[in-house]
Structures are given as C-alpha cells and as structure tokens.
Amino acid sequence: MVNVTAISISAMVGSGIFVLPGLASAHTGPSVWLAYVLAGLVALPAVLSKAELATAMPTSGGTYVYLERSLGPLGGTVAGLGLWLSMLLKAAFALVGFGAYLIVVADVPLVPTSLLLLGVIVGLNVIGVRKVGQAQVVVVTVSLACLAGLVAVAFVELDGSRLDHSFTGGAGGLFAATGFVFVSYAGVTKVAAVAEEVKNPSRNLPLGMLLSLVVVMALYACVALALVGNVPGEVLATDLRPVHTLAELLGGPLVGIGAAVLGVATMTSMANSGLLAASRFPFAMSRDDLLPPVFRHVSTRFDTPVVSILVTGGAIAFAILFFDVEGMAKLASATVILLYLANNAAVLIFREARVQWYAPTFRSPWYPTMQIAGIVGAIVLLATMGLVPIAATAAVLAAGVVLYLPWGRRKAQRLGVLRKIGKRSALLAEPLGLEEELGGRAAVVVPLFGRERSPETLVELGGAIAHGRHVDVVHLTEVPEQMTIEAALEEDPKVRSLERRVEAMAEEGLDVKFHAIVSRDLVRTVHHVTSHVRCEWLVMQWKGASRSQILPYNPLGWLINHLSTNLVLFQDAGIRRFRAILVHPEPGPHDALVAGTADHLARRNNARLTFVRFVRDGAPDEAVRREEQYLDQVRALCEAPATIEILRGRNEVDALVGATSAYDLLVMGIPDFTFFGMLPGRGREKLTAKAACSVLSLKTPRQKTHEAFDRSRSGREGSEFDLLDRLEPSCVAARVAAKRKDALFEQIAEVLGAAVPGATPKEVLDALHERERSQNTSVGEGVAMPHASVESSRSLFGVFTTATPVDYGAPDGRGVDVVFAILGPPRERQVHLHILSSLADLSLNTPLLERLREAETSEQIVQALGALASGPVPDASR
C-alpha cells in the first residue's frame, strides 16, 4: 500500500500547486483552498470507480482500456484522444511553469526556454533514458518535505485579515475555481495502470489511492491557505510562481531561489512524465487498430515508439506557442473532468450490463449513489468553467469520431459492452463456427452460466421436458474481447466437476451431452446454439433484476423476445419433487403451452394440478363465472386430473404468493420482456421473487403459438375443425389503406365491432391493444394474428390485407400486409386455439399467403380460403 500511495502522490504533485493557486484565487479569492477540497471530493467517486475497474481488469492501459471495453472502439478512440490531450496539456503546463520558475534563477525568455526543454525531453524519451523517470520519486519526495516546512512557517505568520471576504466571486466563482484546479488531481488514479503489479490489489489499490487523495488534498488546501494568508490578493492573482513568492516573503531571497530551483526540478520531472504517458496512448490505440499502423512503429535501435513521441512533442509545442497558461489549465482540467466522469459511467455500464466476466475483487461502496454523484459533480464543474472548456470537450468528442470513422470502424473487431445492450439483429446473423463442438440436433438446450443454484435440477427439468429426446447442456464462460480464446480455454475445475456430474446423469439413462464453450458474447452464442441444434426448448435458470441495480436490464432480455424456440425460465426454490403443481394461465399466446407443460410434468411426477385465476374482492358473480369458464376450457387441454380454483383478494400478486405455500411448483406464462416489466417490484418479477415454491415461467415464440395446441390435441377425438364456419365474410377486406399499426387496428375494430352483436368498436379496439401488450402478434413473413377477447355469442375471424406493408414490430423486421384478426369470448379459448392452429397450418403448408396478397377484392380473399381450407365456402355477399 505504501508503494501505491507513493506512486499516486508523485503523479499529482507539480504544476497544480506550484503554478495554479494564484490564478485560481483570481476566480474566488481567499476561498481558493476550499476549491482544492471540493475538487478532491468530486474526484473521490472516480477514485473508487477506477479502483474497482482496475481490480476487474488488472492490465496496463487504465482508463483507455476500461472505456474501450465498456463503450467499444469509438468510445476507446475518444477516451484515448482525451487522455492524450490531458497528458500533453499537463506537460505543456508544466513546461511553462518550469520557465516561470527558471526566470528567478536565470534571466531567460519564457517560451523559447520551455520549447528548448521540451526538445531535450523529447530526445530523452526517444533514446529511452529511464533514469530521469526514476528520479521523479526523489524530486517529489523533496518537494513534499519542503512544501510541508514552508506551510508550517507560513501558518505561524498567517494574517487572518487577508481571509476576510473569502468568496469574492460568489458560488459561481468558487465552482469555476474548483473546475480550474481539477487538473491537480489528474494523477491520483494513474497507479491503476499498473494494477497487475500491485500485491493484494483488492485491498492495497483502493486504500493507497484514497490515502494519496486525502494527503494531497490536505497539502493543496494547506499550501493555498498559506498563500492567501500571507501574499496580498492582487499580487497572488497574476502570479505564475506563487510558491517562490511565498518562500521569498517568509525567508528572503536565498530561500526564494531554493524554492525556484525546487520548482524547476519538479516541473521538469512532471513534463517528462506527461510526455512519456501521453506518447503511449497513440501507440496503444494503433495496436488496437484505432489509429494507422505508423503510430505503433518502434525504433529498432532505441526500442521506443518514435513516431508517437514526436507527434506528441509537436502537439505540446503547439500548446505552448498558442495557449496561455490559464487556457491550458482550463482545457486540461476539462479533459480530466470528462475522463473521470467516464470512469464513473464505465462502472455503471459494467454493473448494469451484468457482464459475466466482470468480477472486481474490490467493489465501490455506496453504488450507484457514489457514481451518480461523481457524474453530476463533473457536469456542474464543466458547466461553470465557461464556453471554451465545453467547446474543447465537444471538440475532443468530435475529433474522436472523425478519427474513428475512416480507420477504426473498418479495422476494429471489438464491440464493447454498451453495444451489446439492446437490439442485436445484425449481430445474431453472424456465424460463430461452433458446429463441431455442438454436434447434431437436440430437442432441449440447457445453458449454464456458472451461478445456478442446482445445475442438476435444471438438467433434470430439461430431460423431463424433452420427452426422452436428446438434451444438450452448454456451459458458457464469457471472456472480454481483448482476451484471446486460447488463453481462456484452460478448463476450470468447477466446469470439469459439472461435466462429470452430467455424464453420470447420462449413465443413469438421460440422453444428455455436456459442452463447455468459451464466448465473447453470450447473446450471440445462445442464439447460435439454439439455431444450430434447432431445439424445441431452451431451459435456463432465471434471476430477476438485483435491487442494487439502477436498471432492470438483463443481457438475455432482447434475445428472449426473439427466440424461435419455446422458453423455460426456472426459479429454483430447492424443491426436488413436484407433487402439487399450481397453474396460472392467462388468455393469450402462452396458455396452451402452460397447460400442456404442466400436464406433462404432472403425469410424469404423479402430481396434482390446480388451475387458478384471480378475482378482486367485490367483483360481480358474472366475473367469477367467466374466469371459471376460461379455466374449464384450459383444463380440458390436459389429461392429468386437475381442479380449478378462484382466488379472491385486493392484489393479484399477493393472493398468488399466498397460494404458493401449498404447492411445489408454480407454472405460468411470461409476456415479452420490457424495461418496466422487469422492475423488481412489478408483477411477475415480484411474484417470482416472493413465491414459496419453485417457479416455471414459459414463453412460446410468436410464430409457434399454435404448436402447443397441436401437441395438446394430438391423437384425441374431435380434432377436426371447420375453419370456414368461423369466417365472417363481412370482416374481410383487401388492400386496406393503413400506414400505421394504430390506424390498422382502428379499421379492424370498426369492422369487427359492427359485425358482432354485443360488441362495440371501442371494446374491440381496447381488447386488441390489451392483447398486444402481452405479446406482439406478428408472426413474421409479413403476417399478424391479433386477437380481441370480448363478450360475444361465438368466436370468429376476419382477414385483412393492406395496400402497403405496415410497421408492426415483427420479429423479422418485415412489414405486415396480411392480418388474420380473431375475436371471441374468453370462455371459448379452445375455439380460438383451433382457429389459430388452422390458420397457421394453412399459412405454412399451402400457398394461401401468396394468393391473399394477389387478391384485389374481399371476394377473392374468401375464394382463396375456400379453395385451400376444408368446409363450405361462405357467401361473400352476406
């Protein structure tokens, strides 16, 4: 920890205290010492965040690596450019400070002298003289001792009257001074770049960084207080060498010259350190293919990145020639503030994205309050620094984009964590080459992510659902994109143990095979596995959003909405045998799957089934009868003995949670995953978290809703169904002029509402939208099957084609131009499923869709159906 503290302190002490206090006092007056304290407090969240990031990614590169991994190559380009700019400005600032202090010793011009020293430092960096860098620790140690002694004497001589009217610039001036001196803390997190060399980093890294921040913050505040308490304000406000001024005031000319020599040595050391650090960023970015390869050229003679050093030296010279001291300080501070803000944001991104490989040994306390406070504080400081730093910050962002577009976008292969959040359509199309590892077809895939409560229970569940067919168990280990797959292939002992246990289950008669796959992208890998083996089911454990998270995001959420296979999410309560199963169906796309799966598990485990629905206290008897009729319809899909039950109460979730205490398993459907639907206190998330038994949540793909019903009625009598008897000819329309989904629904509701006695267009429209909230009813290939559940005499359907495809939010992104709209009372769920299944069969196995799209009139639509479906053709003129 001592070494970590020393490195952090040595990276901070320099121009921030030797040059800045006087210029900062011009903004806020004697309260400048408080500006240093506030700047340190704003830096504190970034220190904690960077300590966490460093223990999760103990590799050289620091902030550049963290932002490149979190934001992707574009973010890495901007971060690398920002870091390069902040370091070179800091070096330029130190060189100007060197000149200001050198004038005391020798009467030399400021700018030419600074440029001459820059040339010497560039030469030393090119030939690789490391002794200068090693001497920095000695120089800083001497500086600290001398500053401490100077402060002690200054406090004795301090004139309290000089502290009157401390806030000469008001609150705005104090914040402006805080932002101005922020560059003084630029080095506090520098030690994170060598985190892999720190012993016990989970303890020593955060403690060392925090201790160095406290020490330097106290030093800065004390030096600033000593200055304003001894040096007249009008002198201090324009002084570029305030430490020399204070030393000369307290000890005379010789002490002043000693302070000037110390300032020259410190500024030289800091300038060398700044150039050394800044020149490595173009070099690292070039190695990552974010800059042209010329920047990664290393001299064969000196073993140094010559091009990167020369370009950085040229940029420092430009800053010295064309920026004044205050301008350089503001730009450097603004860049550092932006980078510290980005460190806080990176922690938020990694934690909220729930990246499997992100496992820091130190976690920032008070998450996410600490990170949010750091981001807000950084934004406030940037806003109070004036337009120039804000414009410079925007320029850095724009320059990063300009650099990335012509080069990095074509060369970089990585994505970054942020790019993997949200829609993944383009990524899912890319092959992964896992065919040899996976083998042939499987009925069920069970992905394991390493944190399952009982992997064997999950595999057994997959085997039960497979009906004796093959099960693939796939253990997925996610690694960052910067790590080579070869480096991650060394198998974990826990994975070998899991493989042995799965193989033992195979020896006991389960048709199962274990695969261990290393992945850089879990979403792509899961999608690829399910697509390659063409499985019917995906079975995995599910844990909802953590209460420590800000967002209820789950990395597999978008994928789950777009799978082409049935999904089982299992919340394991530790119950191994299911003797009593509670089934909670809901009218919609999943109830046939829920009933069929519960029936199969009940017959397999000799369990009792109970179908349950909820009715609020005080609801009329008619509402109870409707729910009972619906449960009878769904129960009829099952072969196992089953009872029905109506729960009453004020809250559905609370009533269901209370009922689960008498059961071993709750089976229910799940709608599409949405942002608000995954909040911990919402609906199913709350029910799953509080249930007293294990929970099995089921989801069927939009385009396969009918298959669950087909399986449930397979082999039973009475499976023949006259589809055309349910067609309402007055509810057929060709080439409907609708450009939006809402407008299409309004037209369908008008037609259905007018054709069905007892139903109004508004009731139909509300029912269509309510059903759509459960799951988008598009099934791909330009087809949608919306359903309105309203009280009516019988179930029927209508057919509508559109003049142009309507943006319907289809899973394949295709616009919808054929709509089968189904309407019926809740009690006729089986009839609805019959209609749905028959229409799906016709669409998949006959040229029905082609003929419907060719139809110009409603009569042609009816004729197309009549030619391809069994049963009499209704009179289209009716």
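None of these values were measured; they are calculated from a predicted model.

A. The arrangement of the overall build of the protein chain in detail. Helix and strand counts for the protein chain come out as 34 helices and 16 strands. When burial is assessed residue by residue, the protein chain has 56% of its 878 residues classed as buried. For the protein chain, long-range pairs separated by at least 24 residues make up 82% of all intrachain contacts whose partners lie at least 6 apart in sequence. Carbon and sulfur atoms make up 57% of the accessible area of the protein chain, which totals about 35,800 Å².

B. The packing of aromatic side chains, seen in detail. Scanning the model with the defined rule gives eight aromatic pairs in all. Aromatic side chains Phe-182 and Tyr-340 sit 5.6 Å apart centroid to centroid with 70° between the ring planes, which places their arrangement in the edge-to-face category. Here Phe-182, found in the loop between helix H9 (170–180) and helix H10 (201–230), pairs with Tyr-340, found in helix H15 (residues 325–353); they are 158 residues apart in sequence, far enough to count as distant. According to the relative accessible area criterion, Phe-182 is buried, its value standing at 1%. Measuring from ring centre to ring centre gives 4.7 Å for Phe-318 and Phe-322, while their planes differ by 40°; the resulting arrangement is tilted. Residue Phe-318 and its partner Phe-322 are both found in helix H14 (residues 306–322); the two are separated by four residues, about one turn of the helix. An aromatic cluster of three or more residues is present, and its members are Tyr-36, Tyr-185 and Tyr-220.

C. Representation of the environment of Thr-700. Tracing the chain through its elements places Thr-700 in the loop between strand S10 (694–699) and helix H29 (705–713). Judged by relative accessible area, Thr-700 falls into the buried class, the value being 1%. Distance from Thr-700 to Trp-537, taken between C-alpha atoms, is 9.3 Å for residues 163 residues apart in sequence. Engagement of the side chain of Thr-700 in a polar contact is seen with the side chain of Asn-566, the distance being 3.0 Å.

D. Representation of unusual backbone geometry within the structure. In this chain, Tyr-367 is followed by Pro-368 through a cis amide linkage whose omega measures -5°. Mapped onto the fold, Pro-368 is located in the loop between H15 and helix H16 (369–384). Non-glycine residue Asn-606 carries a positive phi angle of around 55°. The topology assignment puts Asn-606 in the loop between helix H25 (591–605) and strand S7 (608–616). Among the residues examined, Asn-606 registers a relative accessible area of 72% and is labelled exposed. Of note in this structure, Arg-735 is not a glycine but carries a positive phi near 55°.

E. Representation of the nonpolar core. Grouped together as the largest cluster of nonpolar side chains are 131 residues, with contacts concentrated most on Phe-18, Tyr-36, Phe-182, Tyr-185, Ile-316, Phe-350 and Tyr-358. A per-element tally of this core places H15 first, with 18 residues. The contact partners of Phe-182, leaving out residues within four places of it in the chain, are Ala-39, Val-42, Ala-43, Ser-333, Val-336, Ile-337, Tyr-340 and Leu-381. Counting 65 residues, the second-largest nonpolar core is a separate cluster that includes Ala-443, Ala-580, Leu-593 and Tyr-630.

F. Region of interest: helix H23 (residues 522–533). Between its terminal C-alpha atoms H23 stretches 17 Å, which fits the 16 Å expected from twelve residues at 1.5 Å a residue. Counting buried residues in H23 gives ten out of twelve residues, a clear majority hidden from the surface. Residues of H23 that are buried: Leu-522, Val-523, Arg-524, Thr-525, Val-526, His-527, His-528, Val-529, Thr-530 and Val-533. Arg-534 sits one or two positions beyond H23 and adopts a positive phi of about 50°.

G. Structural context of the sheet that holds strand S6 (residues 580–584). The strand order across the open sheet built from ten strands is S3-S2-S1-S4-S5-S10-S9-S6-S7-S8, with neighbouring strands paired in mixed fashion. Each edge of the sheet is formed by a strand with only one pairing partner; in this case those strands are strand S3 (512–519) and strand S8 (642–649). Here the strands of the sheet are splayed against their neighbours by 25° on average, with no regard to which way each runs. In this sheet, S10 lies alongside strand S5 (residues 566–571) in antiparallel orientation, the contact comprising five bridges.

H. Representation of the packing of H10 against helix H12 (residues 242–251) within the structure. The N-to-C vectors of H10 and H12 enclose an angle of 55°; their axes lie 10 Å apart at closest approach. Relative to H12, the element H10 is oriented oblique. For the crossing formed where H10 meets H12, the hand is left-handed. Here H10 contributes Ala-226, Leu-227 and Asn-230 to the contact with H12, which in turn contributes Pro-242, Leu-246, Leu-249 and Leu-250.

I. Quick peek at the confidence of the model for the protein chain. Mean pLDDT over the protein chain works out to 82, with 85% of the residues at or above the 70 mark. No element of the protein chain has a lower mean pLDDT than H29, at 51, and none a higher one than S6, at 96.

J. Structural view of the side chain of Asp-239. Positionally, Asp-239 belongs in the loop between helix H11 (233–236) and H12. Of the side chains with opposite charge, Arg-241 comes closest to the buried, unpaired Asp-239, at an N-O distance of 5.0 Å. Among the polar contacts listed, one links the side chain of Asp-239 to the side chain of Thr-245, at a separation of 2.4 Å. Not counting chain neighbours up to four residues away, the residues in contact with Asp-239 comprise Val-19, Gly-22, Leu-23 and Thr-245.

K. Structural detail: the pairing of S5. Taking burial as the measure, the six residues of S5 include five buried ones, the bulk of the element. In this structure, strand S4 (residues 537–541) lies alongside S5, joined through five bridges in parallel fashion. Across the sheet, residue Trp-537 finds its bridge partner in S5, namely Asn-566.

Conventions adopted
Residues numbered from 1 in each chain as written. Predicted model: local features only at pLDDT ≥ 70, side-chain atom pairs only at ≥ 80, totals over all residues. Heavy atoms only, no water. Helix = DSSP H or I, 4+ residues; strand = E, 2+ residues; numbered from the N terminus. Buried < 20%, exposed > 50% of the residue type's maximum accessible area, 1.4 Å probe, protein only. Contact = heavy atoms within 4.5 Å. Areas by Shrake-Rupley, 256 points an atom, 1.4 Å probe, with all protein chains shown as cover. Phe/Tyr/Trp six-rings, centres within 6.5 Å; stacked < 30°, edge-to-face > 60°. Polar contact = N/O pair within 3.5 Å; in protein donor to acceptor, adjacent residues only side chain to side chain. Core = buried A, V, L, I, M, F, W, Y, C linked by side-chain atoms within 4.5 Å. Expected span 1.5 Å × (residues − 1). Pairing = 2+ DSSP bridges. Axes fitted to C-alpha atoms, helices over the stretch in contact; angles between N-to-C directions. Parallel < 35°, antiparallel > 145°, perpendicular 65-115°, else oblique. Left-handed = near helix turned anticlockwise from the far one by under 90°. pLDDT = per-residue confidence, 0-100. Lys, Arg positive; Asp, Glu negative; His and termini not counted. Salt bridge = Lys/Arg side-chain N within 4 Å of Asp/Glu carboxyl O.

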